[in-house]
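# Understanding the architecture of this molecule
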Amino acid sequence: MKFPSARGPVSIFLFDLLRAGPEGTADQTYVLRTLAARSVASTENVINDEDLQLAMFCLYELHYGGLAGADERWEWNPGLIAIRQEIEEGFERALRAAVELPALDAADSDSVASVLFGLAAADNGPSMSRYVAKEASLEQLREFLIHKSIYQLKEADPHTWAIPRLNGRPKAAMVEIQADEYGGGRPQRMHSVLFARTMRGLELDDVYGEYVDAVPALTLASTNMMSMFGLNRRLRGAIVGHLAAYEMTSSQPNRLYGNGFRRHGFNEDVTWYFDEHVEADAVHEQIAGRDLAGGLVEAEPALLEDVYFGAAAALAVDALLSAQTMAAWKTGTSSLRIPLPAGA
Amino acid sequence: MSDELSPLHRDREPKDAIVVCPDGPLLVRGDFEIVSTTGEKLPRQRRTVALCRCGASGIKPYCDGTHKLIGFRTDFPDRKAT
Ligand code: FES
Ligand SMILES: [Fe+2]
Ligand SMILES: [Fe+2]
């Protein structure tokens, strides 16, 4: 993706580094690490910190599609990895503090699935899906897509990191779900491709990362959380729980999202992405709950807590984001940092 | 690998299976067609499907998660049954 605009001292310093090559930068990455550590220590909340979330997003981006103009050798530069770990530590601490976990007594895959279904059902933040279905204006639908585009244009990728860290039943389950996310061998049916089609239907740019500058820290945090869980093997329980929570809160909301776009007269081409998820995720949630999350806990009982953590964190961050977005809409303002040009 | 199946087990492992999901759909995985009473194939988008058994889905015969909203409960088969 293209370089976004920096939002504070850490991202300014980071982007300057990334634009130069990685040779002979050990001193500078060390200085940036100190700066990042200070920023993590002094910020009110890492989850909401514009500068830190943007820096983290770009550090992760080096492992996905890369940043246009950044030397590809930066990806495994030890100085940068150390900076990322510095921010991740604070981010993980903040996420763990933000959630409450259910009792850790589930013993088999059926009971793990049932606890996860319970968590997902209890998710009682403000209902974005009901608002989109009934009230959202066309401008708000476009903002809704812009927030989602940060993840949905690379939908499924963060969870795919987990595949080589799993074995047996949970691995087969993860692969079965991901194969469906990636279109079952049909590139035009990949969920990320369906989402791009929806964006084009609302005359939005479907280039990955195009709207990073427009979205607030929380939107980036929601995707950064998945990257952190997916890229750190020790957090494999959390990425599995995260996927289960996503699948379990998808079918019905997507039906309502589709209704919102139909209400504004958009056709099946635009609602395809949402319609597909109504059906797909009713399958995925069953596999993710029992075979993936439950199967992982049966194989590695010590991961139960992290499975719940990943699920609870996914629900908590998305509830915060919905609340923030809808609070802006309620006062008639944009939920974006940079509002879309009127009528564009 | 630890869960490698012995030849004996391999024969017993069903190629096609219907997973009876507690309080939810029937998950069908394997080699099968979904057809109308006259044998015509119904639209099908994926290999593994969830068939609604609560009766409330808006996209029958497939499940759309509505079973969770109507409090659909299944007590049979017993989860501990062998
Ligand atoms: S079983 Fe899921 S909607 Fe009927
Ligand atoms: Fe998907
Ligand atoms: Fe899914």
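First, a word on what this report is: a plain description of the structure on this page. As the structure is a prediction and not an experimental result, all values here were calculated from the model.

### Side note on the overall build of chain A
Helix and strand content of chain A: 15 helices and 0 strands. Taken over C-alpha atoms, the radius of gyration comes to 20 Å for chain A, in line with the 20 Å a tight globule of 344 residues would show. Once the C-alpha set of chain A is aligned to its principal axes, its extents read approximately 55 × 50 × 40 Å. Expressed as a percentage of its 344 residues, the buried residues of chain A come to 60%. In chain A, of all internal contacts separated by at least 6 residues, the share reaching a separation of at least 24 is 81%. Counting every atom, chain A has about 13,300 Å² of accessible surface; 53% of that belongs to carbon and sulfur. If the 30 positive side-chain charges of chain A are averaged to one point and the 47 negative ones to another, these points end up 1 Å apart.

### Structural notes on the coordination of the iron ion (ligand 2)
Residues and elements named next belong to chain A. Protein coordination at the iron ion (ligand 2): the donors are Glu155 (OE), Glu181 (OE), His191 (ND1) and His277 (NE2), at 1.9 to 2.2 Å from the metal. Seen from the iron ion (ligand 2), its 4 donor atoms lie at angles of 80 to 168 degrees, and the figure they make is irregular. Counting the intervening residues between successive donors of the iron ion (ligand 2) yields the motif E-x25-E-x9-H-x85-H. For the pair the iron ion (ligand 2) and the iron ion (ligand 3), the metal-to-metal distance amounts to 3.8 Å, and Glu181 bridges them. Residue Glu181 is located in helix α9 (residues 168-181), and its partner His277 is located in helix α14 (residues 268-299); the two are separated by 96 residues in the primary sequence.

### Some thoughts on helix α1 (residues 9-19) of chain A
All names here are of chain A. Within the sequence span of α1, burial applies to Val10, Ser11, Leu14, Phe15, Leu17 and Leu18. Across the axial projection of α1, the buried residues extend over an arc of 160 degrees, all falling on one side. In α1, the exposed residues that point more than 90 degrees away from the buried face are Pro9, Asp16 and Arg19. Where α1 is buried, its residues contact α2 (26-42), α3 (50-61) and α4 (78-98).

### Observations regarding the pattern of salt bridges
Once the charged atoms of two side chains with opposite charge are near each other, the side chains can pair. This structure, assessed with the given rule, holds 28 salt bridges over all chains. Salt-bridge contacts for A:Glu50 lead to A:Arg7; the nearest nitrogen and oxygen are separated by 2.7 Å. Of the two residues, A:Glu50 sits in helix α3 while A:Arg7 sits in the segment before α1, which places them 43 residues apart along the sequence. Taking the relative accessible area as the measure of exposure, A:Glu50 reaches 27% and is therefore partly exposed. A single network of salt bridges, built from pairs that share partners, joins A:Asp180, A:Arg189, A:Glu276, A:Glu279 and B:Arg46.

### A look at the interface of chain A and chain B
With 25 residues of chain A at the contact, the number on the chain B side is 23 residues. When chain A packs against chain B, close to 1,800 Å² is buried across both sides, 46% of that on carbon and sulfur atoms. At the surface where chain A touches chain B, the tally comes to 5 salt bridges. Among the salt bridges present, the one from A:Asp180 reaches B:Arg46, with a minimum N-O distance of 2.6 Å. Run the count over chain A and chain B and you get 11 residue pairs in polar contact (both at pLDDT 80 or more). Only α5 (109-122), α9, α13 (251-263) and α14 of chain A provide two or more residues apiece to the side of chain A that touches chain B.

So, how was this worked out
- Residue positions are counted from 1 within each chain, in the order its sequence is given.
- Numbering of ligands from 1 and lettering of chains from A proceed in the order in which they are written.
- Local features in this predicted model are restricted to residues of pLDDT 70 or higher, and side-chain atom pairs are both shown and tallied only at a pLDDT of 80 or more, whereas totals for entire chains, interfaces and linings draw on every residue.
- Excluding hydrogens and water, the side-chain values take into account all heavy atoms of the structure.
- Helical segments are the DSSP runs of H or I of at least four residues, strand segments are the runs of E of at least two, and each set is numbered from the N terminus.
- Only the C-alpha atoms count toward the radius of gyration. The rule for a globule is 2.2 Å times the residue count to the power 0.38.
- Exposure is judged per residue with a 1.4 Å probe applied to protein chains only, and the accessible area is read against the type maximum: over 50% gives exposed, under 20% gives buried, and values in between give partly exposed.
- Contacts were defined at the residue level, with two residues in contact if any of their heavy atoms lie within 4.5 Å.
- Each accessible area is a Shrake-Rupley result for a 1.4 Å probe, and residues are judged covered by the shown protein chains and nothing else.
- Only four residue types enter the charge count, namely Lys and Arg as positive and Asp and Glu as negative; His and the chain termini do not.
- For the purpose of locating charges, the reference atoms are NZ of Lys, CZ of Arg, CG of Asp and CD of Glu.
- In this listing, donors mean N, O and S atoms no farther than 2.8 Å from the metal, or 3.2 Å for Na, K and Ca; water is missing from the atoms, so a site can look incomplete.
- Site shape is set this way: if four donors have all angles between 85 and 135 degrees, tetrahedral; if opposite donors are over 155 degrees apart and all others between 65 and 115, square planar for four donors and octahedral for six; otherwise irregular.
- What the arc measures is the spread of directions leading from the helix axis to the C-beta atoms.
- Within this document, salt bridges are pairs made up of a side-chain nitrogen of Lys or Arg and a carboxyl oxygen of Asp or Glu, the two lying within 4 Å of each other.
- Simply put, the buried area is the total loss of 1.4 Å probe accessible area from both parts when two parts are fitted together.
- Polar contact is defined as a pair of N or O atoms within 3.5 Å, subject to the rule that within protein one atom must be able to donate a hydrogen and the other to accept it, and that residues adjacent in sequence are counted only when both atoms are side-chain atoms.

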